[in-house]
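Descriptive structure summary
Each chain, letter by letter, is given below.
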Amino acid sequence: MTFRGPARVLASAHLVNSIGDGAFYVSSVLFFSRVVGLSVLEIGIGLTVGWAVGTHPRVPVRPKRMVTAGRQN
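The text that follows walks through the structure, step by step, so that each part is easy to find. Everything numeric in this text was worked out from a predicted model, so none of it was measured.

1. Overview of the packing of helix H1 (residues 6-36) against helix H2 (residues 40-55)
At a closest axis distance of 10 Å, the pairing of H1 and H2 adopts a crossing angle of 135 degrees. Taken as axis vectors, H1 and H2 run oblique relative to one another. Taken as a pair, H1 and H2 cross one another with a handedness that is right-handed. Together, Tyr25, Ser28, Val29, Phe32 and Ser33 of H1 and Ile43, Leu47 and Trp51 of H2 make up the contact between the two elements. Partitioned by chemical class, the residues of the contact of H1 with H2 number 6 nonpolar, 2 polar and no charged.

What follows is the structure, encoded as structure tokens:
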């Protein structure tokens, strides 16, 4: 199945983003294990906590105000 138009651009962007994420995780593990000297468990916990903290602000739980068509509700 081939994508066309905006779907192809979005699929390509997702592929590039996934490759970048993978490269970051691999290089992070190598750096923290070989240079810093952390164990595999410490690296896993650190990356998991960092991911959870970094994801939290992007997910709104309940917006306090909603702006629609120039009016605040």
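Next comes the rest of the description.
2. A closer look at the packing of aromatic side chains
A complete count under the given rule lists 2 aromatic pairs for this structure. A centroid spacing of 5.3 Å and a plane angle of 65 degrees characterise the contact between Phe31 and Phe32, whose relative ring orientation is edge-to-face. Given the relative accessible area of 41%, Phe31 is considered partly exposed.

Rules used in this analysis
Residues numbered from 1 in each chain as written. Predicted model: local features only at pLDDT ≥ 70, side-chain atom pairs only at ≥ 80, totals over all residues. Heavy atoms only, no water. Axes fitted to C-alpha atoms, helices over the stretch in contact; angles between N-to-C directions. Helix = DSSP H or I, 4+ residues; strand = E, 2+ residues; numbered from the N terminus. Parallel < 35°, antiparallel > 145°, perpendicular 65-115°, else oblique. Left-handed = near helix turned anticlockwise from the far one by under 90°. Contact = heavy atoms within 4.5 Å. Nonpolar A, V, L, I, M, F, W, Y, C, P; charged D, E, K, R; others polar. Phe/Tyr/Trp six-rings, centres within 6.5 Å; stacked < 30°, edge-to-face > 60°. Buried < 20%, exposed > 50% of the residue type's maximum accessible area, 1.4 Å probe, protein only.

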